[in-house]
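Now for the letters of each chain:
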Amino acid sequence: MINFWGYSISETRSINYDTNDKSMTEHIARVVPSSKLCIGCGGCTAGCTAGNLTDFNIRKIQMLMKRGENKEAKEQLQKCMLCGKCILFCPRGVETRKMILEMLNYIKTKLKS
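Scope of this entry: the structure provided in the associated data block. (Residues numbered from 1 in each chain as written. Predicted model: local features only at pLDDT ≥ 70, side-chain atom pairs only at ≥ 80, totals over all residues. Heavy atoms only, no water.)

Here's the deal with the packing of helix 1 (residues 23–31) against helix 7 (residues 96–110)
The contact between helix 1 and helix 7 brings their axes to 10 Å, and the two run at 135°. The angle between helix 1 and helix 7 falls in the class oblique. The two elements helix 1 and helix 7 meet at a crossing, and its hand is right-handed. Listed contacts from helix 7 to Ser-23, Met-24, His-27, Ile-28 and Val-31 of helix 1 are Lys-98, Met-99, Glu-102, Met-103, Tyr-106 and Ile-107. Looking at the contact of helix 1 with helix 7 residue by residue, the class counts come to 7 nonpolar, 2 polar and 2 charged. (Axes fitted to C-alpha atoms, helices over the stretch in contact; angles between N-to-C directions. Helix = DSSP H or I, 4+ residues; strand = E, 2+ residues; numbered from the N terminus. Parallel < 35°, antiparallel > 145°, perpendicular 65-115°, else oblique. Left-handed = near helix turned anticlockwise from the far one by under 90°. Contact = heavy atoms within 4.5 Å. Nonpolar A, V, L, I, M, F, W, Y, C, P; charged D, E, K, R; others polar.)

Written as structure tokens, this is what we have:
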């Protein structure tokens, strides 16, 4: 069908979060209990060295993980420099470096795809 108004309607991006694999989130909550303290303030992202040099965003990775979008999180995690600056900026004391290490380990052992 031809559109005479100069725009087109995009396909919707709907995600059924109930069917996504949230096993990594459950694992991280078990091995890094402080991860549950995160309030999503973005302090870790603001102070991140890798975030200043690339499009790395710790807060986005946590959101992707909690949604069960593990493939996207895996792609982003490879950019982390593991410097630990994020820990210094966190007002809640979340062990972000340990959390990222555990995510990488989980992906390496459980999500080999």
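That shown, we press on.
Quick notes on the packing of helix 4 (residues 58–67) against helix 5 (residues 70–77)
Axis angle and axis distance: for two packed helices, these are the angle between their axes and the distance between the axes, and together they describe the pair. Axis separation between helix 4 and helix 5 bottoms out at 8 Å; the angle between their running directions is 155°. Classified by the angle between their axes, helix 4 and helix 5 sit roughly antiparallel to one another. For the pair helix 4 and helix 5, the sense of crossing is left-handed. The residues of helix 5 that touch helix 4, namely those facing Ile-61, Leu-64 and Met-65, are Asn-70, Glu-72, Ala-73, Gln-76 and Leu-77. Counted by class, the contact of helix 4 with helix 5 contains 5 nonpolar, 2 polar and 1 charged residues.

Some thoughts on unusual backbone geometry
In this structure, Leu-82 takes a positive phi of about 55° despite not being glycine. Positionally, Leu-82 belongs in the loop between helix 5 and helix 6 (85–89).

Some thoughts on the nonpolar core
One broad rule of soluble globular proteins: the nonpolar side chains tend to lie buried together. Grouped together as the largest cluster of nonpolar side chains are 20 residues, with contacts concentrated most on Met-24, Ile-28, Phe-56, Ile-58, Ile-61, Leu-77 and Met-103. Every element with two or more residues in this core is listed here: helix 1, helix 4, helix 5 and helix 7. At 5 residues, helix 7 tops the list of elements feeding residues into this core. For Met-24, the contacting residues outside a window of four places in its chain are Met-65, Asn-70, Ala-73, Met-103, Tyr-106 and Ile-107. (Core = buried A, V, L, I, M, F, W, Y, C linked by side-chain atoms within 4.5 Å. Buried < 20%, exposed > 50% of the residue type's maximum accessible area, 1.4 Å probe, protein only.)

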